[in-house]
Amino acid sequence: MWCPNACEQQIDYSEKSFRDGLDVSDQTLKGMGRDLATAETVPGVEAPVLAGMDKDQYNATVNKEFGLKLSSAAS
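The rules behind each value
- Residues numbered from 1 in each chain as written.
- Predicted model: local features only at pLDDT ≥ 70, side-chain atom pairs only at ≥ 80, totals over all residues.
- Heavy atoms only, no water.
- Helix = DSSP H or I, 4+ residues; strand = E, 2+ residues; numbered from the N terminus.
- Buried < 20%, exposed > 50% of the residue type's maximum accessible area, 1.4 Å probe, protein only.
- Areas by Shrake-Rupley, 256 points an atom, 1.4 Å probe, with all protein chains shown as cover.
- Axes fitted to C-alpha atoms, helices over the stretch in contact; angles between N-to-C directions.
- Parallel < 35°, antiparallel > 145°, perpendicular 65-115°, else oblique.
- Left-handed = near helix turned anticlockwise from the far one by under 90°.
- Contact = heavy atoms within 4.5 Å.
- Nonpolar A, V, L, I, M, F, W, Y, C, P; charged D, E, K, R; others polar.
- Patch = residues over 30% accessible without salt bridge, like charges linked within 9 Å, V, L, I, M, F, W, Y side chains within 5 Å.
- Salt bridge = Lys/Arg side-chain N within 4 Å of Asp/Glu carboxyl O.
- Polar contact = N/O pair within 3.5 Å; in protein donor to acceptor, adjacent residues only side chain to side chain.
- Expected span 1.5 Å × (residues − 1).

Remarks on the overall build of the protein chain
- Looking only at helices and strands, one finds 3 helices and 0 strands in the protein chain.
- For the protein chain, the sequential pattern of α-helices and β-strands runs α-α-α.
- For the protein chain, buried positions account for 9% of its 75 residues.
- Put simply, the protein chain shows about 6600 Å² of open surface, and 58% of that area lies on carbon and sulfur atoms.

Comments concerning the packing of helix 1 (residues 15-38) against helix 3 (residues 55-66)
- Close contact between helix 1 and helix 3 brings their axes to 9 Å; oriented N to C, the two are set at 160 degrees. When the interaxial angle is binned, helix 1 and helix 3 end up roughly antiparallel. As helix 1 runs across helix 3, the sense of the crossing is right-handed. Note on element contacts: helix 3 touches helix 1 through Y58, V62, N63, E65 and F66, opposite K30, G33, R34, A37 and T38.
- The class makeup of the residues in the contact of helix 1 with helix 3 is 4 nonpolar, 3 polar and 3 charged.

Structural notes on a nonpolar patch on the surface
- Residues I11, Y13 and F18 make up a contiguous nonpolar surface patch of about 390 Å² in total accessible area.
- When you line up the elements, F18 lands in helix 1.

A word on the environment of T38
- Tracing the backbone shows T38 in helix 1.
- Since its relative accessible area comes to 45%, T38 is described here as partly exposed.
- Among the polar contacts made by the side chain of T38, one reaches the main-chain carbonyl oxygen of R34 at a distance of 2.7 Å.

Concerning helix 1
- When the terminal C-alpha atoms of helix 1 are compared, their 34 Å separation across 24 residues agrees well with the 34 Å that a helix rising 1.5 Å per residue should span.
- Taken together, the buried positions of helix 1 are G33, R34 and A37.
- Where helix 1 is buried, its residues contact helix 2 (47-51) and helix 3.

Have a look at this one:
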């Protein structure tokens with residue numbers, strides 16, 4: 001349905017707006033990657049074992065690739 005006020009909206013096509021959008025997308029994808037990398041894929045078997053790494057090495061790799069996990073209070 002057409003809304004007469006839609007034409008009055010100011011859409012921000014600035015470079016900053018696009019960069020902000022890319023940053024949000026990047027963080028979303030990193031969060032999804034972290035969730036997949038730390039999910040229990042085989043019941044009772046931890047991801048580091050499947051990757052052939054010890055837990056500290058695996059966590060360091062996940063942090064390097066996806067960034068540090070944010071606490072739920074920061075979300």
